[in-house]
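Here are the chains, one letter per residue:
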Amino acid sequence: MSTFKLKDDIKAYIQELTCNSYVNDELQLDRICEKLKIDYFECDFDDSKISGMLIKDKNFDKFGIYVNRKHPNVRKRFTIAHELGHYISYKYESHSYSQLSQNNEIEDYAISFRHEGIRSQAEKEANQIAAEMLMPELRVKEMAERKLTIEEMADLFFVSESAMTIRLQSIFQGLMVV
Ligand SMILES: [Zn+2]
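Parameters and conventions
- Residues numbered from 1 in each chain as written.
- Predicted model: local features only at pLDDT ≥ 70, side-chain atom pairs only at ≥ 80, totals over all residues.
- Heavy atoms only, no water.
- Buried < 20%, exposed > 50% of the residue type's maximum accessible area, 1.4 Å probe, protein only.
- Helix = DSSP H or I, 4+ residues; strand = E, 2+ residues; numbered from the N terminus.
- Pairing = 2+ DSSP bridges.
- Core = buried A, V, L, I, M, F, W, Y, C linked by side-chain atoms within 4.5 Å.
- Axes fitted to C-alpha atoms, helices over the stretch in contact; angles between N-to-C directions.
- Contact = heavy atoms within 4.5 Å.
- Expected span 1.5 Å × (residues − 1).
- Polar contact = N/O pair within 3.5 Å; in protein donor to acceptor, adjacent residues only side chain to side chain.

Colleague: Would you explain the pairing of strand S5 (residues 62-68) in this entry?
Modeller: The side chains of a regular strand alternate between both faces of the sheet. For S5, a buried count of five out of seven residues is recorded, marking the element as mostly surrounded by other parts of the structure. By the bridge criterion, five bridges tie strand S3 (residues 39-43) to S5 in an arrangement that is parallel. For Tyr40, the partnering residue across the bridge sits in S5 and is Ile65. Of the pairings in the sheet, the one linking strand S4 (residues 50-57) to S5 comprises six bridges and is antiparallel in character. By the bridge assignment, Lys56 is partnered in S5 with Phe63. Counting the residues that bridge the hairpin from S4 to S5 gives four residues, and of these Asp61 lies at a positive phi of roughly 55 degrees.

Below, the structure written as structure tokens:
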């Protein structure tokens, strides 16, 4: 399991950004995009393997998120959160900064946080930001204490069961039997 840890200032920013944007435990991603003035589009990509993209309009310094229309909702949600992760990483001049400054876009093929070992720091950071936004550590720990099942937690956060499983493993560092 990855030992990648989010920087404290980014963690604090995520909390500030997302507070009041949950309905029960479901993060309202449209509100986050609105707050950040990021446009959101669903589209058909020529390459169906693309999950999503973050594109910077170099003239206006404005960002747009493009997500594969054909993917299931839980996957779209993770993709949006992941692209927001790249944006936040850029904003904090962290791992996504150089790529977005040079190319003005990030294209994501089949986002998965299963193979973190071979992924770049920018991808790991975007995934960690996405996970923290969609499944905040404190709430996950509370639910785990209440002995909710993975399926119940995934439903509450509106994420896939595989995303939920990996989140639990990363929070409890493999101590938990899943
Ligand atoms: Zn990415």
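Here the narrative resumes.
Colleague: Looking at this structure, I do not really get the nonpolar core. What am I missing?
Modeller: Within soluble globular proteins, side chains that are nonpolar generally end up buried alongside one another. Leu84, Met133, Met135 and Met164 are the most contacted members of the largest nonpolar core, which totals 43 residues. At the level of elements, helix H1 (8-18), helix H2 (29-36), S5, helix H3 (73-91), helix H5 (121-134), helix H6 (137-145), helix H7 (150-157) and helix H8 (161-172) are the ones that each hand at least two residues to this core.

Colleague: Even after reading the chapter, I still don't get the sheet that holds strand S6 (residues 105-109), so can you show me in this structure?
Modeller: Strand pairing in a sheet is mediated by backbone hydrogen bonds. Such pairs are either parallel or antiparallel. Spatial strand order, S3-S5-S4-S6: four strands in an open sheet with mixed pairing. At either end of the open sheet lies a strand with only one pairing partner, and these are S3 and S6. The mean angle between the axes of side-by-side strands here comes to 15 degrees, regardless of whether they run parallel or antiparallel.

Colleague: Whenever I open this one, the environment of Leu84 confuses me. Can you help?
Modeller: Within the fold, Leu84 resides in helix H3. Apart from the residues within four sequence positions on either side, Leu84 is in contact with Leu29, Ile32, Cys33, Leu36, Ile38, Ile65 and Met133.

Colleague: When you look at H5 in this model, what are you seeing that I'm missing?
Modeller: Residues spaced three or four apart along an α-helix point in a common direction, a consequence of the helix completing one turn every 3.6 residues. Given a rise of 1.5 Å per residue, 14 residues ought to cover 20 Å, and the 20 Å separating the end C-alpha atoms of H5 matches this to within 8%. Most of H5 is tucked away, with 13 of its 14 residues classed as buried.

Colleague: In this structure, what is going on with the side chain of Asp25? I would like to understand it.
Modeller: Considering the arrangement of structural elements, one finds Asp25 in the loop between strand S1 (22-23) and strand S2 (26-27). On the basis of relative accessible area, Asp25 is assigned to the buried category, the value being 10%. Here Arg139 takes part through its side chain, which lies 2.7 Å from a polar atom of the side chain of Asp25. Beyond its immediate stretch of four places on either side in the chain, Asp25 contacts Leu134, Arg139, Met143, Leu156 and Phe157.

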